[in-house]
Each structure stands twice: as structure tokens, then as C-alpha cells.
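The chain contents come next:
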Amino acid sequence: MTVNHGSKRLVVGAHYGLRDWLSQRVTAVLMALFTLVLIVQVLMPGPLGYDRWAGIFAAQWMKVLSFVVFVALAWHAWVGMRDIWMDYVKPVGMRLVLQVATLVWLVGCTGWAVQVLWRL
Amino acid sequence: MPEMTRARPGTMRLIDAVKYRLPLAGVVSILHRASGLLMFVLLPFIVWLFDTSISSEISYESFTAAFVVGLGVVPGWGVKLVVLALIWAFLHHLIAGVRHVWMDATHSVSKAQGQSSAVITLAASVLLTVALGAKLFGLY
């Protein structure tokens with residue numbers, strides 16, 4: 001059996017990082033489209049007070065779309081923050097602590113946002 | 001040879017990195033990272049804005065009041081400044097992201113295009129921030 005770890009690890013053709021690269025772009029396009037959808041609704045005629053603002057997110061399709069975008073945002077931010085920690089924080093223990101804290105932060109914020117969405 | 005060992009540059013540190021003149025594409029790149037980090041750090045504040053603006057008419061009142069009387073120890077203009085920073089971060093991150101996806105999709109990786117699209121990214125995000133910031137601070 002050929003050795004495929006340590007210095008003998010095969011580093012071509014294994015798609016290292018491809019999934020992160022692709023998911024960051026797919027989630028980005030989703031968020032950009034959501035931004036357009038939101039801008040179009042905000043720019044509709046009429047004064048923008050509480051009723052119209054809350055009304056935008058009251059529609060069920062908008063809730064589903066917002067939920068998908070919140071998850072996309074958390075995933076996108078996870079890939080980006082992980083890149084930052086990997087680039088600047090070298091001690092493995094510290095990096096692990098920061099990565100776990102990032103996940104806690106993102107999952108917590110996403111849970112809060114989803115709660116706001118579905119009690120509306 | 002010990003002298004040659006001493007002359008070797010070794011690992012690049014931040015103090016070495018700042019000695020290089022960064023091209024505009026590099027400025028866009030580091031600001032892309034900085035703006036993403038800023039939005040990540042302020043994410044609970046963003047969710048708070050979403051929560052108070054949408055949950056009820058009473059919470060909507062406290063949402064609008066935050067921009068006038070402030071939030072805790074932060075005065076109203078301080079809240080506006082933080083929101084202005086978030087507006088810039090969002091715009092820069094979005095436009096730089098579109099530039100990124102566009103480069104990925106079209107394989108346009110020439111030096112000239114990198115430079116010109118960097119100028120467009122920086123100018124568009126700053127101009128839009130100024131326009132929205134003027135609205136935020138009640139200039140029109």
C-alpha cells in the first residue's frame with residue numbers, strides 16, 4: 001500500500017479546499033440575490049414605517065428565503081473566519097479555541113435571527 | 001557559512017509586510033477581509049437591529065430611538081457611526097465579492113483589469129457609503 005500521509009501525502013487532485021471555496025461563492029451569490037429582493041421591496045412606493053417593514057418579512061416565502069440566507073451567511077462567515085484564524089494564529093490550541101468560539105458565535109446569532117423571523 | 005545564515009530573511013513578519021507598497025488590488029483584498037471581520041464581530045448588534053425593528057411597534061420605537069438618544073452608554077451619533085461603518089463594510093464586501101466571482105467566472109486576471117476593477121470597487125463602495133451616510137445623518 002502506498003503511503004499517503006505526512007511528507008508522502010499526495011497533494012494534487014484531492015480537491016483540498018475546493019468545498020470551502022465553492023460554498024463561499026454559492027452562499028455569496030445567494031446573499032447578493034437576497035439583497036436585491038430586499039432592496040426591491042424596500043423601494044416600493046409608500047412610506048417605510050413599521051407596518052411595511054414587518055410586512056416584508058411576514059410573507060411565508062420571504063421567511064423561508066431569509067432563513068436560507070441566514071444559514072448561508074453563517075456558513076460563509078465560518079469559511080472566512082477560519083481563513084483568518086489559519087492565516088494569523090499559529091499556535092494550534094489557540095486556533096482551536098478561536099474556531100470553536102467562532103462557531104458558537106455564529107450558531108448563536110443564527111438561532112436568534114431565526115427566532116425573530118418565525119415569531120413574526 | 002554563519003554570515004550567510006545571518007543574512008537570510010527568515011519568516012516574514014507584519015513589520016516586513018508593511019514595508020511593501022500595496023497595489024490597489026491588494027488594498028481591496030485586505031479591506032475585503034477587514035470588512036468581513038467587522039461584520040462578524042458586530043453580528044449580534046445586526047441581529048439586535050433586525051429584532052427590534054421588526055418584532056413589534058413598541059420595539060420599533062426603541063429601534064428608532066437608538067439612533068436619536070443612543071443605546072446604553074453609546075450616544076445616538078455613536079450608534080449612527082457604527083451603522084455607517086457597517087454600511088461601508090457591507091458595500092465593500094459585496095462589491096469586492098462580485099469582483100471576485102466575476103474574475104473567477106471570466107478568468108480575467110490581467111494586471112490592468114485587476115487595477116481598474118479595484119479602483120471601481122473602492123470608488124463605488126465609498127460613494128454609496130457617503131450617499132447612504134448623508135441620509136443616515138439626516139442631510140437630505
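Everything discussed here concerns the structure shown above.
Residues numbered from 1 in each chain as written. Chains lettered and ligands numbered in written order. Predicted model: local features only at pLDDT ≥ 70, side-chain atom pairs only at ≥ 80, totals over all residues.

Student: When you look at the overall build of chain B in this model, what are you seeing that I'm missing?
Tutor: Along its length, chain B carries seven helices and zero strands. From first element to last, N terminus to C terminus, chain B shows the α and β order α-α-α-α-α-α-α. Computed over C-alpha atoms, the radius of gyration of chain B comes to 21 Å, more than 25% over the 14 Å expected from 2.2 N^0.38 for 140 residues, which places it beyond the range of a compact globule. Taken along its principal axes, the extent of the C-alpha atoms in chain B is 75 × 40 × 25 Å. The buried share among the 140 residues of chain B stands at 17%. Partitioning the contacts of chain B with sequence separation of at least 6, the portion at a separation of at least 24 is 70%. (Helix = DSSP H or I, 4+ residues; strand = E, 2+ residues; numbered from the N terminus. Rg over C-alpha atoms; globule rule 2.2 N^0.38 Å. Buried ≥ 20, exposed ≤ 12 C-beta atoms within 10 Å, placed from the backbone. Contact = placed C-beta atoms within 7 Å.)

Student: I tried to follow the overall build of chain A on my own but got confused; where do I start?
Tutor: If you tally the helices and strands in chain A, you get four helices and zero strands. What you see in chain A, going N to C, is helices and strands ordered as α-α-α-α. With the C-alpha coordinates aligned to their principal axes, the bounding extent of chain A is approximately 70 × 30 × 25 Å. Counting contacts in chain A only where the partners sit at least 6 residues apart, residues at least 24 apart contribute 74% of the total.

Student: How do you make sense of the interface of chain B and chain A when you look at a structure like this?
Tutor: Interface size, as often reported, equals the accessible area lost upon joining of the parts. Contact with chain B, which involves 19 residues of that partner, is made by 19 residues of chain A. Contributing elements (two or more residues each) for the side of chain B that touches chain A: α3 (24-41), α4 (43-54), α5 (57-66) and α6 (76-106) of chain B. Partitioning the side of chain B that touches chain A into residue classes produces 11 nonpolar, four polar and four charged. (Nonpolar A, V, L, I, M, F, W, Y, C, P; charged D, E, K, R; others polar.)

Student: What exactly am I supposed to notice about α6(B) here?
Tutor: The periodicity of an α-helix, 3.6 residues per turn, causes residues three or four places apart in sequence to face the same way. Its 31 residues place the ends of α6(B) 45 Å apart at the C-alpha level, agreeing with the 45 Å of an ideal helix rising 1.5 Å per residue. Buried within α6(B) are the following residues: V79(B), W88(B), A89(B), F90(B), H92(B), H93(B), I95(B), A96(B), G97(B) and R99(B). Those residues of α6(B) that are buried are in contact with α1 (18-42) of chain A together with α3, α5 and α7 (111-136) of chain B. Positive phi appears at H107(B), one or two residues downstream of α6(B), with a value of about 55°. (Expected span 1.5 Å × (residues − 1).)

Student: Would you explain the nonpolar core in this entry?
Tutor: For soluble globular proteins, nonpolar side chains are generally found buried alongside one another. Counting 14 residues, the largest nonpolar core has F70(A), L73(A), A74(A), A77(A) and A113(A) as its most contacted members. Within the residue set of this core, elements represented by two or more residues are α3 (60-88) and α4 (92-118) of chain A together with α4 of chain B. Per-element accounting of this core gives the leading share, seven residues, to α3(A). In this structure A113(A) touches F70(A), V47(B) and F50(B), once residues within four positions along its chain are discounted. (Core = buried A, V, L, I, M, F, W, Y, C linked by C-beta atoms within 7 Å.)

Student: Just checking my understanding: could you explain the packing of α4(B) against α5(B) for this structure?
Tutor: What describes two packed helices is the angle between their axes and the distance between those same axes. Residue and element names in this part refer to chain B. Following both chains from N to C, one finds α4 and α5 inclined at 130°, their axes separated by 6 Å at the closest point. The orientation of α4 with respect to α5, classified from their angle, is oblique. When α4 is examined against α5, the residues L49, T52 and S53 are found in contact with a partner set consisting of S59, Y60, S62 and F63. Residue composition of the contact of α4 with α5, grouped by class: three nonpolar, four polar and no charged. (Axes fitted to C-alpha atoms, helices over the stretch in contact; angles between N-to-C directions. Parallel < 35°, antiparallel > 145°, perpendicular 65-115°, else oblique.)

Student: What is the right way to read the environment of S125(B) from this model?
Tutor: Residues and elements named next belong to chain B. Within the fold, S125 resides in helix α7. Taking the number of C-beta atoms within 10 Å as the measure of exposure, S125 has 23 and is therefore buried. Between the alpha carbons of S125 and H93 there is a distance of 8.7 Å; along the sequence they are 32 residues apart. Other than its neighbours up to four places away in sequence, S125 contacts W88, L91, H92 and I95.

Student: Whenever I open this one, α1(A) confuses me. Can you help?
Tutor: Taking 1.5 Å per residue as the helical rise, α1(A) with its 25 residues ought to reach 36 Å, and the 36 Å between its terminal C-alpha atoms agrees with that figure. Q24(A), T27(A) and A28(A) are the residues of α1(A) that are buried.

Student: Help me out: how do you make sense of the environment of L71(B) in this one?
Tutor: Residue and element names in this part refer to chain B. When you line up the elements, L71 lands in the loop between α5 and α6. L71 sits 32 residues away from M39 along the chain, and the two C-alpha atoms are 19 Å apart. With sequence-adjacent residues up to four places away left out, L71 is seen in contact with A66 and V79.

Student: Help me out: how do you make sense of the packing of α3(B) against α7(B) in this one?
Tutor: All names here are of chain B. Running from N to C, α3 and α7 cross one another at 50°; their axes reach a closest spacing of 8 Å. Between α3 and α7, the angle is such that the two are oblique. Remark: the crossing between α3 and α7 carries left-handed chirality. Contacts from L24, A25, V27 and V28 of α3 reach α7 at G114, Q115, A118, V119, T121 and L122. Looking at side-chain class alone, the contact of α3 with α7 contains seven nonpolar, three polar and no charged residues. (Left-handed = near helix turned anticlockwise from the far one by under 90°.)

Keep in mind these numbers describe shape, not what the thing actually does.
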